[in-house]
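Descriptive structure summary
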Amino acid sequence: MGLWGGVFREPTDDDLRKLNDSLPFDQRMYRQDIEGSIAYAQAIRDAGVLTAQECLKITQALKQIRKEFDEGTFVFAAGDEDIHTAVERRLIELVGAIGGKLHTGRSRNDQVATDLRLWAMDACADLQKLLANFQHALVEKAEAHVETLMVGYTHVQPAQPVTVAHWLMSYFWMVQRDRQRLYEARRRMSVLPLGSGALAGTPLNINRAQLAKNLGFTGVSENSLDAVSDRDFVADMLYVLTLLGAHLSRLAEDFIWFSSPSFSFVRLHDRYSTGSSLMPQKRNADPMELARGKVGRLIGNLVAVLAMLKGLPTGYNKDLQEDKEALFDAVDQMQQLLPVLTAVVRTLAVNEEALLRALSEEMLATDVADYLVTKGMPFREAHHVVGRLVRLAQERGVMLSALPLADYQALSPLFAQDVYAVFDFMQSVRQRAVQGGTAPEAVQAQLVAAREQLHNELGFV
Ligand code: ARG
């Protein structure tokens, strides 16, 4: 007896079966499916559909099925269309006809919506931990480089000196927001669809609030038609992971060119670099290129789900089966990537000399303008004067500090001997001690704030 065989005279075409079956990819939800079924068995026992004895038998059999999956001994049968039918088929094998009572008042529509939410909630919690580890690595690396100077860029043009700690911590905060978004996405998806039936609800007097509690949901859906087709949580989570991917791709891009021999600012550990099959000297930052490249498929998964949801008619439609592979793939990619990126950061070598060598006095031009401002010149005017000074030095092919005072004074009488004291990169950095600035003391405060946020598992203080 198949799932819905009664009305048909002929079996389903084999090619359609292959197209229709979701078992190859949804079997990974077996734990959630079994957990949902155990809770549902209790709910329908309390509603008088199962006797206590039947419920016990069914629950024990479900636990055994879970064990078979855990141990890899579960055997799929030819007719298993998806994880839900596979578990139910095995249940009936184990307990006989009473196993067929479990599906009373339930549809695979509310079942799959419940399973996927449970799966996604677990995945969010796991990813939050992976993100916290990654952030921890960033904090530790930053703590070692609060006073390490480097070029700060805008438009990939040298702009002003900053510290390595400040640069690394910029990624901490991006990921902090991602971690918070994951937490919030998880909270939003914590709504129980079970009890919605196929679309209209169930005539059984089940206690949905209790069912929600038993399964770890904080709320119960308000509309059964909405509940069976609501995949907002999938789109939500995919967006969060895509934005995370975008952040990681920025970090990756920085690491890729900073580790190129043309810069040599950082060096990836041997364990996290790869060679070339042809050029013996090559040391490629493959993990970072993969991090940068993964975003394409993350965006693709998000767009696939949004496009699948668009114009979907009311209620459950099979289109919705397309939700899982997109979500699973995005989570898999991140679960693979994050531990590697964490290790890359942990083992990263920072080349302080190369970083210093890349600094040039022109990056202190703003500081020279600020000097004039302290002597009373409006900033706009000072900007212009220093621009001319920079041009003069460039024309002569010398550093700004090599221009004699007479040249300075020819551009503004406000210049005095003390202007040469401006050409100190560390001093420039120290002056930017505003909250959120690159000065070591400000970065120390930033690190304290970061550690505080990290101590909170949820991502919030
Ligand atoms: N395997 C389906 C899915 O992943 C669940 C089954 C619901 N299908 C149905 N024809 N009612 O969405």
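Details of the structure are given in the entry above.
In this report, we go over the structure that sits alongside the text. Since this is a predicted model, take the numbers as computed values, not measurements.

Before going further, it helps to spend a moment on the overall build of the protein chain. Scanning the protein chain from terminus to terminus reveals 18 helices and six strands. Taken over C-alpha atoms, the radius of gyration comes to 30 Å for the protein chain, far larger than the 23 Å a tight globule of 461 residues would show. The principal-axis extent of the C-alpha atoms belonging to the protein chain is close to 100 × 50 × 40 Å. Burial status across the protein chain gives 50% buried among its 461 residues. Here the contacts in the protein chain between residues at least 6 apart in sequence split such that 75% fall between residues at least 24 apart. Here the protein chain displays about 22,300 Å² of accessible surface, and carbon together with sulfur accounts for 53% of that area.

On to the side chain of Arg 108, then. If you trace the backbone, Arg 108 turns up in helix α6 (residues 108–143). In this structure the side chain of Arg 108 is engaged in a polar contact, spanning 2.7 Å, whose partner is the side chain of Asp 82.

So, on to the site of the ligand. The local shell around the ligand consists of Ser 22, Asp 82, Arg 108, Asn 109, Val 112, Tyr 316, Gln 321 and Lys 324. In the environment of the ligand, a nitrogen atom lies 2.7 Å from a nitrogen or oxygen atom belonging to the side chain of Asn 109. Lys 324 places a polar side-chain atom, nitrogen or oxygen, 2.7 Å from an oxygen atom of the ligand. The fraction of the free accessible surface of the ligand (340 Å²) that becomes covered by protein chains is 86%. Among the elements that line the shell around the ligand, the one with the most residues is α6, at three residues. Here the shell around the ligand is composed, by residue class, of two nonpolar, three polar and three charged.

The next subject is the pairing of strand β2 (residues 157–163). Taken together, the six bridges between strand β1 (residues 149–154) and β2 define a ladder with antiparallel strand orientation. When the bridges of β2 are listed, Met 150 appears paired with Val 162. Counting the residues that bridge the hairpin from β1 to β2 gives two residues, and of these His 155 lies at a positive phi of roughly 55°.

With that out of the way, let us pick up the packing of α6 against helix α10 (residues 232–259). Where α6 meets α10, the closest approach of the two axes is 11 Å, and the angle between their N-to-C directions is 20°. In this view, α6 runs roughly parallel relative to α10, as classed from their interaxial angle. Crossing of α6 against α10: the hand is left-handed. Contacts from Ala 113, Leu 116, Arg 117, Ala 120, Ala 123, Cys 124, Leu 127, Leu 131, Phe 134 and Leu 138 of α6 reach α10 at Phe 233, Val 234, Met 237, Leu 241, Leu 244, Leu 248 and Leu 251. Looking at side-chain class alone, the contact of α6 with α10 contains 16 nonpolar, no polar and one charged residues.

With that out of the way, let us pick up the packing of α6 against helix α12 (residues 323–346). In the contact formed by α6 and α12, the axes pass within 9 Å of each other and the chain directions differ by 15°. Between α6 and α12, the crossing angle belongs to the class labelled roughly parallel. Judged by the sense of rotation from one axis to the other, the crossing of α6 with α12 is left-handed. Here the residues of the contact of α6 with α12 sort into 19 nonpolar, four polar and six charged.

With that out of the way, let us pick up empty space enclosed by the protein. Enumeration according to the criterion identifies one cavity of 30 Å³ or more in this entry. Taken as a whole, the largest cavity spans an internal volume of roughly 40 Å³. Lining the largest cavity we find Asp 33, Ser 37, His 84, Val 87, Glu 88, Leu 91, Leu 102, Arg 106 and Gln 111. For the lining of the largest cavity, the elements supplying multiple residues, two or more each, are α3 (30–46) and α5 (83–95). In terms of residue count, the dominant contributor to the lining of the largest cavity is α5 (four residues).

All of the buried residues in helix α14 (residues 365–374) are Ala 365, Asp 367, Val 368, Ala 369, Tyr 371 and Leu 372. For α14, the elements touching its buried residues are α15 (379–396) and α17 (425–431). Looking one or two residues past α14, Gly 376 carries a phi angle of roughly 110°, positive in sign.

What follows concerns the environment of Ala 450. Note that Ala 450 resides in helix α18 (residues 440–455). The class of Ala 450 is buried, set by a relative accessible area of 0%. Note: C-alpha distance between Ala 450 and Asn 223 (227 residues apart in sequence) is 41 Å. Once you skip the residues sitting within four places of it in the chain, Ala 450 turns out to touch Val 139, Met 169, Phe 172 and Trp 173.

The next point concerns unusual backbone geometry. Positive phi values are uncommon outside glycine, yet His 155 reaches one of about 55°. Considering the arrangement of structural elements, one finds His 155 in the loop between β1 and β2. The exposed category is assigned to His 155, whose relative accessible area is 72%. One non-glycine residue with positive phi stands out, namely Val 156, at about 60°.

Core analysis: the biggest nonpolar cluster contains 111 residues, and Phe 255 and Met 288 have the highest contact counts within it. The greatest single-element share of this core, amounting to 17 residues, is contributed by α6. With near-sequence residues (within four places) excluded, Phe 255 lies in contact with Trp 167, Leu 168, Val 266, Leu 268, Met 288, Val 344, Val 345 and Leu 348. Listed in part, the 28 residues of the second largest apolar core include Leu 359, Val 390, Tyr 408 and Val 419.

Calculation criteria
Residues numbered from 1 in each chain as written. Predicted model: local features only at pLDDT ≥ 70, side-chain atom pairs only at ≥ 80, totals over all residues. Heavy atoms only, no water. Helix = DSSP H or I, 4+ residues; strand = E, 2+ residues; numbered from the N terminus. Rg over C-alpha atoms; globule rule 2.2 N^0.38 Å. Buried < 20%, exposed > 50% of the residue type's maximum accessible area, 1.4 Å probe, protein only. Contact = heavy atoms within 4.5 Å. Areas by Shrake-Rupley, 256 points an atom, 1.4 Å probe, with all protein chains shown as cover. Polar contact = N/O pair within 3.5 Å; in protein donor to acceptor, adjacent residues only side chain to side chain. Near = heavy atom within 4 Å. Nonpolar A, V, L, I, M, F, W, Y, C, P; charged D, E, K, R; others polar. Pairing = 2+ DSSP bridges. Axes fitted to C-alpha atoms, helices over the stretch in contact; angles between N-to-C directions. Parallel < 35°, antiparallel > 145°, perpendicular 65-115°, else oblique. Left-handed = near helix turned anticlockwise from the far one by under 90°. 1 Å grid on protein atoms, 1.4 Å probe; cavity = no way out; pocket = protein on both sides within 12 Å on 5 of 7 lines; lining within 4 Å. Points joined across faces, edges and corners; volume = space filled by probe spheres on them. Core = buried A, V, L, I, M, F, W, Y, C linked by side-chain atoms within 4.5 Å.

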